[in-house]
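Structure at a glance
Spelled out, the chains give:
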Amino acid sequence: MVVIVKQTATKAQLDSFLQWVYEKGLKPHLSEGAGTTIIGLIGDTSKLDENLVRSMPIVEDVKRVSEPYKRTNRKLHPDDTLVSVGGAVIGEGHLTVIAGPCSVECEEQIVEVAKAVKAAGAAMLRGGAFKPRTSPYAFQGLRAEGIELLKKAREATGLPIVTEIMNIEHIPLFEDVDIIQVGARNMQNFELLKELGHLNKPVLLKRGLANTLEELLMSAEYIVAGGNPNVILCERGIRTYETATRNTLDLSAVPFLKSRSHLPVVVDPSHACGIAWMVPALAKAAVAVGADGLLIEVHNQPEKALSDGAQSLRPDEFARLMEQLRPLAELAGKKM
Ligand code: PEP
Ligand code: MN
């Protein structure tokens, strides 16, 4: 962290600031120019509140020169993290497609969709049992029963299962789930993240609707710092002023996150655009910018879906997309 000192600062003020820096366990490095004094704060500044430093009377401005995330930072862990689950792998060298309905609705639906996405080449099955809905009157998910049905679909297909957790108290219900999803709305549920950090199970962490990439990495940091290194980051579109699509897919998130962090990055084009016909174009673009995987909503009867039917691909549309993705994955040097 670099601090620029106000020209009006007195020697006494400067000395008391330097004393404060020492008390924080940091070493100040002073460089006095003709008109400007700059202080480099040497040491672990991750616990230091940048805004508190900025608010001090002698401080003109403050700049962080190292990221506040450490364990998720590529600088401290140059090799890519590979997440392995039930025979599937997410990370460098692979394009992992996770597909399935928004919500688990009944046994017939989830097993039929699971078989269809498996036949098309998906590596994992997604399906929501606990659903975060804007309206309390909308379908809330089959809850614990939904997880049981996902297990039946896994038994029928061998596909590992991915499903969303909304409440810290539900953790025991997820014991037999392969990947726990933390949805956009819970990206900053820090108590939940801390608890997931104590598990030995991969977590798919979605970017919040209005969160920066640094905030996403800080949320991932909670899980990794707790002792669980198996985190997968997911870009799923963010809120902007645009209303033509459900959200705005931030494709630049992929190269940014991959350069700053060693964690795998997947893209969810379904929630990003909210429109089924646009999903294939965004999925291909995500592969082109280096995504390690895709999370795609597929429903056997989208017009009857209890949630997100408008953005769900039919099984034949999904199979066509998978065929179009294969040459792109090959170009990117990735196994599908
Ligand atoms: C979902 O994956 O079904 C979901 C609710 O996604 P998000 O948290 O990205 O809105
Ligand atoms: Mn959905």
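Keep in mind that this is a model prediction, so the values were computed, not measured.

So, on to the overall build of the protein chain. For the protein chain, the count of helices and strands is ten helices and 14 strands. Seen along its three principal axes, the alpha-carbon backbone of the protein chain occupies a region of about 75 × 45 × 40 Å. Looking at the protein chain as a whole, 52% of its 336 residues are labelled buried. Of the roughly 15,200 Å² of accessible surface on the protein chain, 53% is carried by carbon and sulfur atoms.

Protein-derived ligands of the manganese ion (ligand 2) are C102 (SG), H271 (NE2), E297 (OE) and D308 (OD), with the metal-ligand distances lying across 2.0 to 2.4 Å. Sequence spacing of the donor residues for the manganese ion (ligand 2), all on one chain, is C-x168-H-x25-E-x10-D. Placement of H271 in helix α8 (residues 269-273) and of E297 in strand β14 (residues 293-297) is noted, with a sequence separation of 26 residues between them. On the accessibility criterion, E297 (0% relative accessible area) is buried.

Turning to the packing of helix α9 (residues 279-288) against helix α10 (residues 315-331), a few remarks are in order. Between α9 and α10, the least distance of the axes is 10 Å, while the angle of their chain directions is 20 degrees. Overall, the two elements α9 and α10 adopt an arrangement that is roughly parallel. When you trace α9 past α10, the crossing you get is right-handed. Of α10, the residues touching α9 (which contributes P280, A283, K284 and V287) are L321, Q324, L325, L328 and A329. Looking at the contact of α9 with α10 residue by residue, the classes come out as seven nonpolar, one polar and one charged.

Our next topic: the environment of A99. With respect to the helices and strands, the residue A99 is situated in strand β7 (residues 96-100). Measuring from C-alpha to C-alpha, the distance between A99 and V298 comes to 6.2 Å, with 199 residues separating the pair along the chain. Excluding residues within four positions of it along the chain, A99 makes contact with V117, A122, M124, L125, R126, I296, V298 and F318.

The strand order across the open sheet formed by four strands is β2-β3-β1-β4, and the pairing between neighbours is antiparallel. Only two strands of the sheet have a single partner each, and these edge strands are β2 (27-32) and β4 (59-63). Recorded for the sheet is a direction-independent mean angle of 20 degrees between the axes of neighbouring strands. Note that strand β1 (residues 2-5) and β4 share four bridges and pair antiparallel.

The terminal C-alpha atoms of helix α1 (residues 11-23) lie 18 Å apart, and with 13 residues this matches the ideal 18 Å at 1.5 Å per residue to within 8%. Looking at α1, one finds that the buried residues are L14, F17, L18, W20 and V21. Axial view of α1: buried residues confined to an arc of 155 degrees, hence all on one face. Opposite the buried face of α1, by more than 90 degrees, sit the exposed residues K11, A12 and E23. In the segment just after α1, G25 is the residue with positive phi, at about 80 degrees.

All right, on to the packing of aromatic side chains then. The description of an aromatic ring pair rests on the distance of the ring centres and on the angle between the ring planes. Under the counting rule described, the total for this entry stands at three aromatic pairs. Plain terms: the ring middles of F17 and W20 are 5.9 Å apart, the flat faces sit at 25 degrees to each other, and that makes the pair stacked. Residue F17 and its partner W20 are both found in helix α1; the two are separated by three residues, about one turn of the helix. This pair shows no difference in class: F17 is buried, exactly as W20 is.

Of all hydrophobic cores here, the largest spans 67 residues; its most connected members are V117, L125, L205, L233, L294, I296 and F318. With near-sequence residues (within four places) excluded, I296 lies in contact with V97, I98, A99, G100, R126, P269, S270, V279, A283, L313, F318 and L321. Formed by 17 residues, the second largest nonpolar core is a distinct cluster that contains M1, W20, I58 and V59.

Turning our attention to the site of ligand 1. For ligand 1, the set of nearby residues contains 13 residues, the closest of which are R126, A184, R185, K206 and R236. Side-chain polar atom of R126 to an oxygen atom of ligand 1: 2.8 Å apart, as the coordinates give it. H271 is positioned such that a nitrogen or oxygen atom in its side chain is 3.3 Å from an oxygen atom of ligand 1. Starting from 290 Å² of accessible surface for ligand 1 in isolation, the protein chains cover 97%. Class assignment for the residues of the shell around ligand 1 results in three nonpolar, three polar and seven charged.

For the rest of this paragraph, the subject is unusual backbone geometry. Glycine aside, residues mostly have negative phi, and peptide bonds are mostly found in the trans state. The backbone of R143 shows a phi angle near 55 degrees, a positive value even though the residue is not glycine. In this fold, R143 is placed in the loop between β8 (124-126) and α4 (144-157). The class of R143 is partly exposed, set by a relative accessible area of 43%. Notably, D308 is not glycine yet its phi reads approximately 50 degrees, a positive angle. By the element assignment, D308 lies in the loop between β14 and α10.

Definitions and limits used
- Think of each chain on its own: its residues are numbered from 1, step by step along the sequence as written.
- Labels are handed out in written order, letters beginning with A for the chains and numbers beginning with 1 for the ligands.
- Per-residue local features of the predicted model are confined to residues with pLDDT of at least 70, and side-chain atom pairs are confined, for both listing and counting, to 80 or more; whole-chain, interface and lining totals are unaffected and use all residues.
- Excluding hydrogens and water, the side-chain figures rest on all heavy atoms present in the structure.
- Strands here are runs of E lasting at least two residues and helices are runs of H or I lasting at least four, both read from the DSSP assignment and numbered beginning at the N terminus.
- The buried label applies to any residue whose accessible area, calculated with a 1.4 Å probe on protein chains only, is under 20% of its type's maximum; exposed applies above 50%, and partly exposed to all values in between.
- To be clear on the numbers: accessible area is Shrake-Rupley with a 1.4 Å probe, and residue cover counts the displayed protein chains and nothing else.
- With water excluded from the atoms, a metal site may look incomplete; its donors are any N, O or S atoms within 2.8 Å, or within 3.2 Å for Na, K and Ca.
- Throughout, an axis means a line fitted to C-alpha atoms (over the contacting stretch in the case of helices), and angles, computed between N-to-C directions, take values from 0 to 180 degrees.
- Comment on the angle field: the value is read as roughly parallel under 35 degrees, roughly antiparallel over 145, roughly perpendicular from 65 to 115, and oblique elsewhere.
- Take the far helix as your reference; a near helix turned counterclockwise from it by less than a right angle gives a left-handed crossing, and one turned clockwise gives a right-handed crossing.
- Every residue pair with non-hydrogen atoms within 4.5 Å of one another is taken to be in contact.
- Gly falls in the polar group here, along with every residue not listed as nonpolar (Ala, Val, Leu, Ile, Met, Phe, Trp, Tyr, Cys, Pro) or charged (Asp, Glu, Lys, Arg).
- When DSSP finds at least two bridges between two strands, those strands are taken to pair.
- Each residue after the first adds 1.5 Å to the expected span of a helix.
- The directions considered for the arc are those from the helix axis to the C-beta atoms.
- Here the aromatic set is Phe, Tyr and Trp, taking the six-membered ring for Trp, and pairing holds for ring centres within 6.5 Å; pairs whose planes are under 30 degrees apart are stacked, those over 60 apart are edge-to-face, and all others are tilted.
- What we call a nonpolar core is a set of buried Ala, Val, Leu, Ile, Met, Phe, Trp, Tyr and Cys residues that are connected through their side-chain atoms within 4.5 Å.
- Residues are counted as near a molecule or strand when any one of their heavy atoms sits within 4 Å of it.
- Side-chain atoms alone can form a polar contact between residues adjacent in sequence; in general such a contact is a pair of N or O atoms within 3.5 Å, and within protein one must be able to donate a hydrogen while the other accepts it.

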